[in-house]
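# Fold and contact review
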Amino acid sequence: MKFNLSKNAVMNLLKAPSIIVLFLWMIVPLSMTLYFSVIRYNLLSPMDNGFEGLGNYEFFMTDSAFMPAVLNSLILVVSIIVVTIISGIILAVLIDRTFPGRGIVRVMLISPFFIMPTVNALLWKNMFMNPVYGMFAFFSNTLGLEPIDWMSDFPLASVIIMLSWQWTPFALLIFMTALQSQDQEQKEAAELDGAGFFAKFYYLTLPHLSRSIAIVIMIEMIFHLSIFAEILITTGGGPGNDGTNLTYMIFTNALLDFDVGIASAGGVFAIILANIVAYFLIKQVGKSLMA
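What comes next concerns the included structure. (Residues numbered from 1 in each chain as written. Predicted model: local features only at pLDDT ≥ 70, side-chain atom pairs only at ≥ 80, totals over all residues. Heavy atoms only, no water.)

### Here we look at a nonpolar patch on the surface
- Residues Ile20, Phe23, Leu24, Val28 and Met32 make up a contiguous nonpolar surface patch of about 470 Å² in total accessible area.
- Residue Ile20 is classed as partly exposed on the basis of its relative accessible area of 48%. (Patch = residues over 30% accessible without salt bridge, like charges linked within 9 Å, V, L, I, M, F, W, Y side chains within 5 Å. Areas by Shrake-Rupley, 256 points an atom, 1.4 Å probe, with all protein chains shown as cover. Salt bridge = Lys/Arg side-chain N within 4 Å of Asp/Glu carboxyl O. Buried < 20%, exposed > 50% of the residue type's maximum accessible area, 1.4 Å probe, protein only.)

Rendered as structure tokens:
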């Protein structure tokens, strides 16, 4: 029997296995999360289960840690993105010129991005922010000031600092690559017209980086909505709820309270929140990329 298949049909048949596998890879965990979110299921009493409906969602959203966790999540995401973009642009502009040791400086500036999150958290917790033997404490004692216990007094700011340090190289790498494709003739023409450094930056460099900035925002938003390792290693979500974000709150319900149902409800809420943020983000990013 002979089959006459079009080129598009053959391509769709070849793509079908990978699409089906990816679909199952996403739909099975999502279906299980939705299922557990509407039943009563605690690992300490697995036999005491049953249909809970929206009870898990109500319990999760009325928890005293819920609103601080959501606000902290948004503060973390926005703060890290703002810091990394500003510092990334400044560094990219500074090294976008020829000088001795330029290659070594580039490698050193980019290298923090390749440090594992756990190592990054331990590095900042012990080497820099420790109130007894950390570098910040050393400088404070040298100046005759009282050392700051960063993890207790400023838990959210501590996480923002260490993540901004790790993710600034990512933004720098994107901006540095974008600057290499900038039209040098426009800059030379602007210089001939008497434009200064800030005028060239505002009217030429910044518009040229608009698409790169949009890409950095989109990628960092995806990663920073699920920050977990740094909080677990450093602040442990405390003191109180000051260092807790949505991801850590779900972890607390799942692995500390052993309540799979409530943790699954939190996971569904996190998915909805991420999709809402992603919708508006991609909409704005799309406008920038199409400009």
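### A look at the pairing of strand S1 (residues 39–42)
- Examined bridge by bridge, S1 and strand S2 (residues 45–51) share 3 bridges and lie antiparallel to one another. The residue bridging Ile39 from the neighbouring strand is Phe51, located in S2. (Pairing = 2+ DSSP bridges. Helix = DSSP H or I, 4+ residues; strand = E, 2+ residues; numbered from the N terminus.)

### A few points about the pattern of salt bridges
- Scanning all chains against the criterion turns up 1 salt bridge.
- Notably, a salt bridge pairs Glu52 with Arg40, separated by 3.1 Å at the nearest N-O pair. Residue Glu52 is located in the loop between S2 and helix H2 (55–61), and its partner Arg40 is located in strand S1; the two are separated by 12 residues in the primary sequence.
- Taking the relative accessible area as the measure of exposure, Arg40 reaches 35% and is therefore partly exposed.

### Examining the environment of Phe258
- Checked against the element boundaries, Phe258 lands in the loop between helix H13 (246–256) and helix H14 (260–290).
- When the C-alpha atoms of Phe258 and Ser45 are compared, they prove to be 9.4 Å apart, with 213 residues separating the residues in sequence.
- Excluding anything up to four places from it in sequence, Phe258 contacts Tyr41, Asn42, Leu43, Leu44 and Asn253. (Contact = heavy atoms within 4.5 Å.)

### Examining helix H10 (residues 197–208)
- Within H10 the residues assigned to the buried category are Lys200, Leu204 and Thr205. One side of H10 holds all its buried residues, which, seen down the axis, span an arc of 85°. Among the exposed residues of H10, those pointing more than 90 degrees away from its buried face are Phe198, Tyr202 and Tyr203.
- Elements that come into contact with the buried residues of H10 comprise helix H3 (66–94), helix H8 (155–179) and helix H9 (184–192). (Arc of directions from axis to C-beta.)

### Overview of the nonpolar core
- Core analysis: the biggest nonpolar cluster contains 45 residues, and Phe60 and Phe175 have the highest contact counts within it.
- Those elements that provide at least two residues to this core are H3, H8, helix H11 (210–224), H13 and H14.
- Examining the composition of this core, we find that 12 residues originate from one element, H8, more than from any other.
- If near-sequence neighbours (up to four positions away) are discounted, Phe60 is found in contact with Phe66, Leu246, Met249, Ile250, Asn253, Ile262, Gly266 and Phe269. (Core = buried A, V, L, I, M, F, W, Y, C linked by side-chain atoms within 4.5 Å.)

### Some remarks on the environment of Asp242
- One can find Asp242 in the loop between helix H12 (229–233) and H13.
- Classification of Asp242 as partly exposed rests on a relative accessible area of 47%.
- Along the primary structure Asp242 and Phe154 are separated by 88 residues, whereas in three dimensions their C-alpha atoms are 8.5 Å apart.
- In this structure Asp242 touches Asn72, Pro155, Leu156 and Gly237, once residues within four positions along its chain are discounted.

### Section: the layout of surface pockets
- Computed from the structure, the largest pocket encloses a volume of approximately 160 Å³.
- Phe113, Pro117, Leu163, Gln166, Trp167, Phe223, His224, Ser226, Ile227, Phe228 and Glu230 are the residues that line the largest pocket.
- Listing elements by their share of the lining of the largest pocket, those giving two or more residues are H8 and H11.
- With 3 residues, the top contributor of residues to the lining of the largest pocket is H8.
- A class-by-class count of the residues in the lining of the largest pocket yields 7 nonpolar, 3 polar and 1 charged. (1 Å grid on protein atoms, 1.4 Å probe; cavity = no way out; pocket = protein on both sides within 12 Å on 5 of 7 lines; lining within 4 Å. Points joined across faces, edges and corners; volume = space filled by probe spheres on them. Nonpolar A, V, L, I, M, F, W, Y, C, P; charged D, E, K, R; others polar.)

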